[in-house]
Amino acid sequence: MTLTRFGAKGIATMIIEESIDIHAPLPVVWRVFSAMEDWRSWNKVIENCCIISGDSMAENTCFTFQMRPYYLPIKVMPTITKCDPGKEVIWEGSRFGVRAVHTFIFEEKQDGVRLTSSETFRGPLLWLSKLIFIPGRLHRLTRQLMLAIKNQAEACTGDVKAN
């Protein structure tokens, strides 16, 4: 789901949400997600991930990565503001006058894990992103990331199922 709203003083809010069911135990899904140094081996959405300060997937860790909603990459430098291992991760950052908060929630289910990604963007320049189709492209990248996490976690358990 992608939702864009305009609030007070013309400041827009855009929310991108996506959930996926992963047929792997929570510890495996968490290990895949939290091992940032290994993302490059299975993740084609987030490129060149590098920890700037902190300890891997932990609160107050600052890291950089690149995404490609278009041909040219966009470099992002968020800080992890909450890390509850196996339950929730939140990272936040700003770029081009837009503030983003990205939340990942891990829900243990009987047959695996439901992973939910929710990213909220706010800023006066957000309206411009709609003109150049950024919301749809970011939603597509979110789906690709979630599917990559699913595929890697299931491959680690040998329980790959139809997507």
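In what follows, the accompanying structure is described. (Residues numbered from 1 in each chain as written. Predicted model: local features only at pLDDT ≥ 70, side-chain atom pairs only at ≥ 80, totals over all residues. Heavy atoms only, no water.)

**Things to note about the packing of aromatic side chains**
Operational definition: Think of it this way: a Phe, Tyr or Trp ring, Trp meaning its six-membered ring, pairs with another when their centres are within 6.5 Å, and the plane angle makes it stacked under 30 degrees, edge-to-face over 60, tilted otherwise.
One pass over the structure, following the stated rule, counts 12 aromatic pairs. Members of the aromatic cluster, connected to one another through ring pairs, are W30, F33, W39, F63, F65, W91, F104 and F106.

**Describing the pattern of salt bridges**
Oppositely charged side chains can pair when the atoms bearing their charge come close. As a reminder of what qualifies: The salt bridge definition used is simple: a Lys or Arg side-chain nitrogen within 4 Å of an Asp or Glu carboxyl oxygen. Strands here mean DSSP runs of E at least two residues long; helices mean DSSP runs of H or I at least four residues long; both are numbered from the N terminus. Each residue's exposure class comes from its accessible area (1.4 Å probe, protein chains only) as a fraction of the maximum for that residue type: buried when under 20%, exposed when over 50%, partly exposed otherwise.
Within the structure shown, the criterion is met by 6 salt bridges. We note a salt bridge from E18 to R143, for which the minimum N-O separation is 3.6 Å. Residue E18 is found in strand β2 (residues 12-22), and its partner R143 is found in helix α4 (residues 134-157); the two are separated by 125 residues along the sequence. Looking at E18, the relative accessible area reads 18%, which means it is buried. Close ionic contact of R99 with E92 constitutes a salt bridge, the shortest N to O distance being 2.7 Å.

**Some details on the nonpolar core**
Rules: Throughout, nonpolar core names a set of buried Ala, Val, Leu, Ile, Met, Phe, Trp, Tyr and Cys residues whose side chains join them through atoms within 4.5 Å.
Ranked by size, the top nonpolar core spans 39 residues in total, and within it F33, W39, M57, V89, W91 and F106 carry the most contacts. At 7 residues, the largest contribution of residues to this core is made by α4.

**As for the environment of S41**
Stated precisely, the cut-off is as follows: Any pair of nitrogen or oxygen atoms within 3.5 Å is treated as a polar contact; in protein, a donor-acceptor pairing is required on top of that, and neighbouring residues in sequence qualify only through side-chain atoms on both sides.
Tracing the sequence through the fold places S41 in helix α2 (residues 39-42). For S41, the side chain forms a polar contact with the main-chain oxygen of D38, separated by 2.8 Å.

**So, the side chain of T103**
Just so we agree on the cut-off: Working rule for contacts: check all heavy atoms of both residues, and any pair within 4.5 Å makes them a contact.
Tracing the backbone through its elements, the reader meets T103 in strand β8 (residues 98-109). T103 gets classed as buried once you look at its relative accessible area, which sits at 16%. Discounting residues that sit within four places of it in the chain, T103 has contacts with E88, V89, I90, T116, S117 and S118.

**Let's talk about the environment of E154**
With respect to the element layout, E154 can be found in helix α4. Judged by its relative accessible area of 0%, E154 is buried. Spatially, the C-alpha atom of E154 lies 9.9 Å from that of V32, the residues being 122 residues apart in sequence. A polar contact is formed between the side chain of E154 and the backbone nitrogen of H23, at a distance of 2.7 Å.

**Remarks on the pairing of β8**
On a regular strand, each side chain points to the face opposite its neighbour's, so the side chains alternate between the two faces of the sheet. In plain terms, the rule: At least two bridges found by DSSP between two strands is the condition for calling them paired.
Here strand β7 (residues 88-95) runs beside β8; their pairing, made up of 8 bridges, is antiparallel. Counterpart to I90 in the pairing with β8 is T103. The loop that links β7 with its antiparallel partner β8 comprises 2 residues; one of these, F96, has a positive phi angle of about 55 degrees. Relative to strand β9 (residues 112-123), β8 is paired through 11 bridges, and the arrangement is antiparallel. Pairing of F106 across the sheet is with L115, part of β9. Following β8, the chain reverses through 2 residues before pairing antiparallel with β9.

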